[in-house]
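# Commentary on secondary and tertiary structure
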Amino acid sequence: MSEVRTRVAPSPTGDPHVGTAYVALFNYCFARVHGGKFILRIEDTDQKRSTEASERAILDALRWTGLQWDEGPDVGGPHGPYRQSERSELYREHARQLLDTGHAFRCFCTAERLGELRKQQIADGSGLLGYDGHCMGLSADEAQRRADAGEAHVVRLIVPREGACRVDDMLRGPIEIPWTQVDMQVLLKSDGLPTYHLANVVDDHHMGISHVLRGEEWINSAPKHLRLYEAFGWEPPVLCHLPLLRNPDQSKLSKRKNPTGILWYRDMGIVPEALLNYLGSIAWSMPGEVEVFSLDEMAAVFDASRISLGGPIFDLEKLTWINRKWLRERIDDADLVERLIAWKLNRDFLAQVAALARTRLDTLGSLADIAGFLAMGRLPLPDGAFEGMAEPGELAEWFVMVEEQLNVLPGWDKDAIEAVLRRSAEHVDQKLKKFLPPFYMAVTGKKASLPLFDAMELLGRDIVRDRLRQATDAVGGLGNKKRKSLMAGLTPLLDQAAQAG
RNA sequence: GCUCCCAUCGUCUAGCGGUCCAGGACGUCGGCCUCUCACGCCGAAAACACGGGUUCGAUUCCCGUUGGGAGUACCA
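Residues numbered from 1 in each chain as written. Chains lettered and ligands numbered in written order. Predicted model: local features only at pLDDT ≥ 70, side-chain atom pairs only at ≥ 80, totals over all residues. Heavy atoms only, no water.

## Notes on the overall build of chain A
Secondary structure summary: chain A contains 22 helices and nine strands in total. Taken over C-alpha atoms, the radius of gyration comes to 26 Å for chain A, in line with the 23 Å a tight globule of 501 residues would show. Out of the 501 residues belonging to chain A, those deemed buried represent 49%. For chain A, the share of sequence-separated contacts (at least 6 apart) that also reach a separation of at least 24 residues comes to 76%. Entry remark: accessible area of chain A is about 23,700 Å², with carbon and sulfur atoms responsible for 50%. Between the mean site of the 61 positive side-chain charges and the mean site of the 71 negative ones, chain A shows a separation of 3 Å. (Helix = DSSP H or I, 4+ residues; strand = E, 2+ residues; numbered from the N terminus. Rg over C-alpha atoms; globule rule 2.2 N^0.38 Å. Buried < 20%, exposed > 50% of the residue type's maximum accessible area, 1.4 Å probe, protein only. Contact = heavy atoms within 4.5 Å. Areas by Shrake-Rupley, 256 points an atom, 1.4 Å probe, with all protein chains shown as cover. Lys, Arg positive; Asp, Glu negative; His and termini not counted. Charge placed at Lys NZ, Arg CZ, Asp CG, Glu CD.)

Structural data, given as structure tokens:
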């Protein structure tokens, strides 16, 4: 058997997500146990949403976990570049090849027509959605001519209109998906860049990926990928779909309902070994019912057949327990000190805190009381924390409103945060003096504390968002209906926030 | 709607036809230890979704129902 090569391929369109670490972990272990290689590839084909900052953050976060890739945009490797935006030409060539071999066609349909088509299909109730093949009727000459004339178009994949595609999943066995359910997927967008489907297949092939372990959400598009491999005459990799991480309500893990940022776990004091240990203990089990294990221990005995298929609910309590085990059993005194320093008890961090705290300092020791909230993960809110500030329902709206804006802020700095709070207060027609107190309570756990905007900057977005969510729950939460109507009026504020910084 | 995936305690799971009136862990509740707390230890409550098959025998295999999830984009 040829070399085992796996990859994780995050899209740099947001904060580093635990789901990425989860998928990376399994790919890493699979490669290790087979003596193969683990590759990191950046899937930045979405020009509108990809950012350099996000890519950097993802790389940093992944590095923090301790999952080390053998090839990637930062470390290089024989199959680079490892950033899809730097391989555009390769995808265009391959799209051209599909056009030439009759596996794809140019489509000149407008977004309007596509929207109409979709509406029509839904109204029909036939259950069949997707492109109707309109531009397939174009002669090759005409399509070529219109393309040469500079008319905007995309390249779509031709898929069989009958029969079924057999997808062999490493864990589930054969899965049959009717071709009628598979859309004539866009492969090359009108901006000339590939969609995931094309880029993914082309890269996996050229990078020699032998096994693809990815989220379950991809099962339904596997036929498109298989079709592409066939069209190119390539052997497809072994596919293995991992169960999706879930919120407590069983829906796919989302930041709306849960902390999903890797950095949230880091900032609240979870050690990376514990995060990986936890991720490895849901969906997979160590032989012998061992609960606490290191990455090396896992990678040494990893057996994909021990993956459970039910979607696990992400359980913060269990993760915290594993973290406690690591802290007291697997990290010695000296190491613990190093961890604390690397985390927050260092000169840099203290310098920022001290500057904010000095006028409030009584004795040096009072720092702990004043700034303790900066070091805590979740805060114990005092009884009646928000009493007398505003009606609970109103407070919930305030919290959600601000949380939503903070979420779309491109950067994370004091000024942008302040602007969000000010605009929000204005939006609900409140003076800052009345509007801010609940936020002090939510973020710092006290009525009076360090300057709010600085504190928020220092805490980081993930922690602040989580605290606002906790506070929202503490005042009774916000119903779905109310949330919806609130969001409807928020568009201008969100737009402003998104453009800030 | 349509297609696909999944289904053991509240949660994560062990189990791959008899060893299971189902084992471990988190959490919860008792107790022990102890200068408090924590750690540690002991114990309790807590599950094979339902209905059909197959089989001498189903938690384990097959089918259906129900439930949950995902997909259905010029996002990945």
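## Here we look at the pattern of salt bridges
The final tally for this structure, using the stated rule, is 41 salt bridges. Here K37 and E3 are joined by a salt bridge, their closest N and O atoms 3.9 Å apart. Placement of K37 in strand β2 (residues 37–40) and of E3 in the segment before β1 (5–8) is noted, with a sequence separation of 34 residues between them. Residue K37 is classed as partly exposed on the basis of its relative accessible area of 32%. Given the relative accessible area of 37%, E3 is considered partly exposed. Residue R146 is joined to E142 by a salt bridge in which the shortest nitrogen-to-oxygen separation is 3.8 Å. Of the two residues, R146 and E142 are both situated in helix α5 (residues 140–148); the distance of four residues between them amounts to about one turn of the helix. Among the ionic contacts, a cluster of salt bridges with common partners joins R7, R41, E43, R87, D203 and D204. (Salt bridge = Lys/Arg side-chain N within 4 Å of Asp/Glu carboxyl O.)

## Comments concerning the protein's contact with RNA strand B
Not every one of the 53 residues close to RNA strand B is listed here, only the nearest: R118, R172, K189, A283 and E289. The share of sugar and phosphate among atoms of RNA strand B within 4 Å of the protein is 78%. K252 has a polar backbone atom sitting 3.1 Å from a phosphate oxygen of RNA strand B. Measuring from a phosphate oxygen of RNA strand B, one finds a backbone N or O atom of I313 at 3.1 Å. With six residues, helix α11 (residues 316–330) is the largest single contributor of residues to the surface near RNA strand B. Across the surface near RNA strand B, the residue classes break down as 18 nonpolar, 13 polar and 22 charged. (Near = heavy atom within 4 Å. Polar contact = N/O pair within 3.5 Å; in protein donor to acceptor, adjacent residues only side chain to side chain. Nonpolar A, V, L, I, M, F, W, Y, C, P; charged D, E, K, R; others polar.)

## Quick notes on unusual backbone geometry
Following G80, the chain continues into P81 via a peptide bond in cis, with omega recorded as -5°. Inspection of the secondary structure puts P81 in the loop between α2 (52–65) and α3 (88–100). The phi angle at D429 is positive, at roughly 60°, despite the residue not being glycine. Mapped onto the elements, D429 comes out in the loop between α16 (414–427) and α17 (432–435).

## Describing the packing of helix α15 (residues 392–408) against α16
Here α15 crosses α16 at 145°, and the two axes come no closer than 10 Å. Of the two possible hands of crossing, α15 and α16 adopt the one that is right-handed. Contact residues: M401, V402, Q405 and L406 in α15; I417, V420, L421, S424 and H427 in α16. Across the contact of α15 with α16, the residue classes tally to six nonpolar, three polar and no charged. (Axes fitted to C-alpha atoms, helices over the stretch in contact; angles between N-to-C directions. Left-handed = near helix turned anticlockwise from the far one by under 90°.)

## Quick notes on the pairing of β1
Burial along β1 is two-sided: the face carrying R5 and R7 and the face carrying T6 and V8 are both buried. Note on the crossover from β1 through helix α1 (residues 18–33) to β2: the handedness is right-handed. (Right-handed = clockwise from strand over helix to strand, strands pointing away.)

## Remarks on the confidence of the model for chain A
Predicted coordinates in areas of low pLDDT are best not read in detail. The share of residues in chain A with pLDDT of 70 or more is 100%, and the mean pLDDT across the chain is 93. Both scores are available for the predicted complex, with the pTM at 0.95 and the ipTM at 0.96. (pLDDT = per-residue confidence, 0-100.)

## Observations regarding the packing of α15 against helix α21 (residues 480–488)
Where α15 contacts α21, the axes come no closer than 11 Å and their chain directions differ by 50°. If you check the angle between α15 and α21, you find them oblique. The two elements α15 and α21 cross, and the hand of that crossing is right-handed. Counted together, E397, V400, M401 and E404 of α15 and K482, R483, L486 and M487 of α21 form the full contact between these two elements. Partitioning the contact of α15 with α21 into residue classes produces four nonpolar, no polar and four charged. (Parallel < 35°, antiparallel > 145°, perpendicular 65-115°, else oblique.)

## Quick notes on the nonpolar core
Grouped together as the largest cluster of nonpolar side chains are 110 residues, with contacts concentrated most on F26, F386 and L406. If sequence neighbours within four positions are ignored, F26 has contacts with L213, L242, L279, I282, A283, W284, M298, F302 and I307. Judged by nonpolar contacts, the second largest core, of 44 residues, contains Y91, V212, Y229 and W234. (Core = buried A, V, L, I, M, F, W, Y, C linked by side-chain atoms within 4.5 Å.)

## As for the packing of aromatic side chains
For any pair of aromatic rings, the description rests on two quantities: the centre-to-centre distance and the angle between the ring planes. Per the counting criterion, the structure on display carries 16 aromatic pairs. Summarising the aromatic geometry, the rings of Y196 and W218 are spaced 4.0 Å apart at their centres and angled 15° between planes, so their arrangement reads as stacked. With Y196 in helix α6 (residues 196–206) and W218 in the loop between β8 (211–215) and α7 (222–232), the pair connects residues that are 22 residues apart, well separated along the chain. Following the ring pairs from residue to residue traces out a cluster consisting of Y22, F26, W284, F293 and F302. Seen from the ring of Y131, R156 lies directly overhead, with NZ or CZ sitting 3.9 Å from the centre. A cation sits over an aromatic face here: R330 above W326, 4.7 Å from the ring centre. (Phe/Tyr/Trp six-rings, centres within 6.5 Å; stacked < 30°, edge-to-face > 60°. Lys NZ or Arg CZ within 6 Å of the ring centre and 35° of its normal.)

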